[in-house]
Amino acid sequence: MGGSAGGCGDSSSEDKAVKLGDEPHVLAVDDNLIDRKLVEKLLKNSSCKVTTAENALRALDYLGLGNETLEGTVSKVNLIITDYCMPGMTGYELLKKIKESSLLKEVPVVIMSSENIPTRISQCLEEGAKMFMLKPLKQSDVVQLK
């Protein structure tokens, strides 16, 4: 079980729209390996296709919004779930970048954090987050995402 983050084949062949019957594709972003693996396992238990990224910049590259990506190459995801507190760029900053993108602004973003800070939660929800969840996530939390 090698844990390479992004090597899931050629995504350019996935030009067809994702139908509701297909398994949803979720991008999970967390700098903590254990938290990332937990989220990935919970999502896979709920029949989701999961791509992981260890930080917000990697996530932006994967989504086609980073400095390393060519214009117009957007990976198709149905949901983004991201940790709030990460080095370099926070989950909140990632949320803002996604919501500024004309291509991705409709993709729901869920923020997760181990800290229950009401002002942080309301700030994320005001910026367009679909949900704010406290870590560690449980299977019952993931069921709410569907």
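Source: prediction; values computed, not measured. (Residues numbered from 1 in each chain as written. Predicted model: local features only at pLDDT ≥ 70, side-chain atom pairs only at ≥ 80, totals over all residues. Heavy atoms only, no water.)

A look at the UniProt feature "modified residue: 4-aspartylphosphate" (unreviewed entry) in the chain
Heads up, the condition is: UniProt positions are given in the numbering used here, feature names are shortened, and annotations may be inferred rather than shown by experiment. The helix count covers DSSP runs of H or I at least four residues long, the strand count covers runs of E at least two residues long, and both are numbered beginning at the N terminus.
When the UniProt feature table is mapped onto this chain, "modified residue: 4-aspartylphosphate" (unreviewed entry) is found at Asp83. Mapping Asp83 onto the fold places it in strand β3 (residues 79-83).

Regarding unusual backbone geometry
Along the chain, Lys135 connects to Pro136 via a cis peptide bond; the corresponding omega equals 0°. Assignment of secondary structure puts Pro136 in the loop between β5 (131-134) and α5 (139-144). Within the chain, Ser47 stands out as a residue other than glycine whose phi angle is a positive 60°. Residue placement: Ser47 occurs in the loop between α1 (33-45) and β2 (49-53).

Looking at the pairing of β2
Test applied: Burial classification: accessible surface area is computed with a 1.4 Å probe over protein chains only, and a residue below 20% of its type maximum counts as buried, one above 50% as exposed, and the rest as partly exposed. Two strands are said to pair when DSSP picks up at least two bridges between them.
With respect to burial, β2 is a largely interior element, four of its five residues being buried. One ladder, built from five bridges, connects strand β1 (residues 25-29) with β2; its direction is parallel. The residue of β2 that forms the bridge with Ala28 is Thr52.

Considering helix α3 (residues 91-100)
How we decide: Directions from the helix axis toward the C-beta atoms define the arc. Residues count as neighbours in contact if any of their non-hydrogen atoms are within 4.5 Å of one another.
All of the buried residues in α3 are Gly91, Tyr92, Leu94, Leu95 and Ile98. Along α3, the residues classed as buried sweep out an arc of 160° about the axis, all on the same side. On its buried face, α3 sits against β1, α2 (56-63), β3, β4 (109-113) and α4 (118-126).

What about the pairing of β4?
Short version of the rule: For a crossover, the right-handed case is the one in which the path from the first strand over the helix to the second runs clockwise, viewed with the strands pointing away from the viewer.
Along β4, five of the five residues are buried, which leaves the element largely enclosed by surrounding structure. Residues Val109, Ile111 and Ser113 point to one face of β4 and Val110 and Met112 to the other, with burial holding for every one of them. Relative to β4, β3 is paired through four bridges, and the arrangement is parallel. Bridged to Asp83 within β4 is Met112. With α3 bridging β3 and the parallel β4, this β-α-β connection has right-handed handedness. Between β4 and its parallel partner β5, the chain crosses via α4, and the hand of that crossover is right-handed.

Section: the pattern of salt bridges
Counted only if it meets this: For this analysis, a salt bridge means a side-chain nitrogen from Lys or Arg found within 4 Å of a carboxyl oxygen belonging to Asp or Glu.
Inspection of every chain in the model, using the stated rule, returns eight salt bridges. Put simply, Arg58 and Glu54 hold a salt bridge, and the shortest N to O gap is 2.3 Å. Classification of Arg58 by relative accessible area gives partly exposed; the value is 46%. Through salt bridges with shared partners, a single network forms among Asp30, Asp35, Asp83 and Lys135.

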